[in-house]
Amino acid sequence: MPELPEVETVRRGLQPVMEGARILSVEIRRPDLRFPFPPDFVARLTGKRILSLGRRAKYLTAEIEGGPQLICHLGMSGSFRIEEGGAETTPGDFHHERSKLAAHDHVVFHLATPKGRKSKVVFNDPRRFGFMLFSEGPEPHPMLADLGVEPTGNSLDGRLLADLLRGRKTPLKAALLDQTLIAGLGNIYVSEALWRAGLSPRRLAGTVAPRKVGERAERLATAIRSVIADAIAAGGSSLRDYVHADGSLGYFQHSFSVYDREGEPCRKPRCGGTITRIVQSGRSTFYCPVCQR
DNA sequence: AAGTGAACCTGAAGGC
DNA sequence: TGCCTTCAGGTTCACT
């Protein structure tokens, strides 16, 4: 599920519980996810305070007191949920019970939150494409070192986008998925952004702005930023009840303009086209062949 | 160098 | 009901 907006939504949901919290204990319920856990994973977290939670592209980061940075990726199917406890001093509260863990609950953080409560943060990941690693020292972890520009804020403008795409012979769809160019777009939001910009996913990336910047590159940059901003806003509004039902974070109902809408009418006024699904480098792309050129 | 496809793993959904 | 195939929102690695 998780592209940049979902990861940002998860970060915002975890923040009130994790930021400033002390890690009372950590359980890892299998030796690996995508990668083996570091051998000292539990020892280096136990008893430490979480100073801050951050995000880079689709990676969550946690600054650990006096120690490493924890880097976490949700892969395809990773999610967190929060199980709220009572006051830390209340005896017999729910935290003294062994809570039921579900299938694929791989990591459990037992926390004392800044408000003096106990909470559990549980990481669940059926496909195990996710991972947790430590990063040491001032240099960014190699995994984060080559990431491109964030599509949040205003740094990604038409000029920068034109520079990134110029000369590339790969389909525009593939270029936008390249995390070393723009960091955080995934299969859904690439399709959505291209629809907003009225550009075909099959167009060669270099043709967006062959020589000068041009209106096409501006349109695409604006589309990318607005798609991401809208999705983050939608996720944020879903956070009001993030302790809902199972407490899971980052999953909310999207309404997509093209993604997963094969055969349905294009939503652009007076377009009349039909959303089409094609496969590009092994992955589905959805677009309107009439208004996306 | 850049681009494409297969691999990693499990579960859900659809066809028969 | 069950068995089979296909597909899934990410990333990396091997190959052309």
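What this report covers is the structure whose coordinates are included nearby. If you're wondering where the values come from, they're calculated on a predicted model, not measured in any experiment. (Residues numbered from 1 in each chain as written. Chains lettered and ligands numbered in written order. Predicted model: local features only at pLDDT ≥ 70, side-chain atom pairs only at ≥ 80, totals over all residues. Heavy atoms only, no water.)

Some points on the sheet that holds strand 4 (residues 69-73)
Part 1: The sheet built from 4 strands is open, its strands ordered 2-3-4-8 with antiparallel pairing. Only two strands of the sheet have a single partner each, and these edge strands are strand 2 (50-56) and strand 8 (131-135). Strand-to-strand, the axes of this sheet are offset by a mean angle of 20 degrees, without reference to chain direction.
Part 2: Pairing of strand 2 with strand 3 (residues 59-64), which is carried by 6 bridges, proceeds in the antiparallel orientation. For Ile-50, the partnering residue across the bridge sits in strand 3 and is Ile-64.
Part 3: Across the face of the sheet, helix 1 (residues 4-18) comes into contact with strand 2 and strand 3 while running at roughly 170 degrees to strand 2. (Pairing = 2+ DSSP bridges. Helix = DSSP H or I, 4+ residues; strand = E, 2+ residues; numbered from the N terminus. Axes fitted to C-alpha atoms, helices over the stretch in contact; angles between N-to-C directions. Contact = heavy atoms within 4.5 Å.)

Regarding helix 1
Part 1: Under the 1.5 Å per step criterion, the end-to-end length of helix 1 is 20 Å for 15 residues, consistent within 8% with the ideal 21 Å.
Part 2: With respect to burial, helix 1 is a largely interior element, 12 of its 15 residues being buried.
Part 3: Those residues of helix 1 lying buried are Leu-4, Pro-5, Glu-6, Val-7, Glu-8, Thr-9, Val-10, Arg-11, Gly-13, Leu-14, Val-17 and Met-18.
Part 4: Trailing helix 1 by a residue or two, Gly-20 shows a phi angle of about 85 degrees, which is positive. (Expected span 1.5 Å × (residues − 1). Buried < 20%, exposed > 50% of the residue type's maximum accessible area, 1.4 Å probe, protein only.)

Brief notes about the nonpolar core
Part 1: Among the nonpolar cores identified, the biggest contains 34 residues, and Leu-172, Leu-176, Ile-182, Leu-220 and Ile-224 are the most heavily contacted of them.
Part 2: Among the secondary structure elements, those contributing two or more residues to this core are helix 4 (158-165), helix 5 (172-177), helix 6 (187-197) and helix 7 (214-238).
Part 3: For this core, the leading source of residues is helix 7, giving 9 residues.
Part 4: In contact with Ile-182, other than residues within four places in its own chain, are Val-149, Pro-151, Leu-156, Leu-161, Leu-164, Leu-176 and Ile-224.
Part 5: Counting 29 residues, the second largest nonpolar core, distinct from the first, contains Phe-37, Leu-70, Ile-82 and Phe-109. (Core = buried A, V, L, I, M, F, W, Y, C linked by side-chain atoms within 4.5 Å.)

Some remarks on the layout of surface pockets
Part 1: Empty space within the largest pocket amounts to approximately 630 Å³.
Part 2: Lining the largest pocket are 23 residues, and of these Pro-2, Lys-58, Gly-75, Met-76 and Arg-283 sit closest to its centre.
Part 3: If you list the elements that add at least two residues to the lining of the largest pocket, you get helix 6 and strand 10 (283-287).
Part 4: When the residues that make up the lining of the largest pocket are grouped by side-chain class, the tally is 13 nonpolar, 6 polar and 4 charged. (1 Å grid on protein atoms, 1.4 Å probe; cavity = no way out; pocket = protein on both sides within 12 Å on 5 of 7 lines; lining within 4 Å. Points joined across faces, edges and corners; volume = space filled by probe spheres on them. Nonpolar A, V, L, I, M, F, W, Y, C, P; charged D, E, K, R; others polar.)

As for the pattern of salt bridges
Part 1: Inspection of every chain in the model, using the stated rule, returns 16 salt bridges.
Part 2: Across the pair Arg-11 and Glu-8 runs a salt bridge, and its minimum N-O distance is 2.9 Å. Linking Arg-11 with Glu-8, this pair stays in helix 1, spanning 3 residues, or about one helical turn. Each member of the pair, Arg-11 together with Glu-8, is buried. (Salt bridge = Lys/Arg side-chain N within 4 Å of Asp/Glu carboxyl O.)

Points about the protein's contact with DNA strand C
Part 1: Not every one of the 19 residues close to DNA strand C is listed here, only the nearest: His-73, Asn-187, Tyr-259, Arg-283 and Ser-284.
Part 2: Sugar and phosphate atoms constitute 59% of the interface atoms of DNA strand C, taking the interface as everything within 4 Å of the protein.
Part 3: The side chain of His-73 places a nitrogen or oxygen atom 2.8 Å from a phosphate oxygen of DNA strand C.
Part 4: For DNA strand C, a phosphate oxygen lies 2.5 Å from a polar atom in the side chain of Tyr-259.
Part 5: Residue assignment for the surface near DNA strand C shows that the elements contributing at least two residues are helix 6 and strand 10. (Near = heavy atom within 4 Å. Polar contact = N/O pair within 3.5 Å; in protein donor to acceptor, adjacent residues only side chain to side chain.)

Details of the protein's contact with DNA strand B
Part 1: Taken together, His-104, Pro-126, Arg-127, Arg-128, Phe-129, Arg-168, Lys-169, Thr-170, Pro-171 and Ser-281 make up all the residues around DNA strand B.
Part 2: Close to the protein, within 4 Å, the atoms of DNA strand B are drawn from sugar and phosphate at a rate of 68%.
Part 3: Arg-127 is positioned with one of its side-chain polar atoms (N or O) 2.9 Å from a base oxygen of DNA strand B.
Part 4: In the model, a sugar or linking oxygen of DNA strand B is placed 3.2 Å from a nitrogen or oxygen of the Arg-128 side chain.
Part 5: Looking at side-chain class alone, the surface near DNA strand B contains 3 nonpolar, 3 polar and 4 charged residues.

Description of helix 4
Part 1: Along helix 4, the positions that sit buried rather than exposed are Gly-158, Leu-161, Ala-162, Leu-164 and Leu-165. For helix 4, the buried positions fall inside an angular range of 160 degrees around the axis, keeping them on one side.
Part 2: Gly-167 sits one or two positions beyond helix 4 and adopts a positive phi of about 85 degrees. (Arc of directions from axis to C-beta.)

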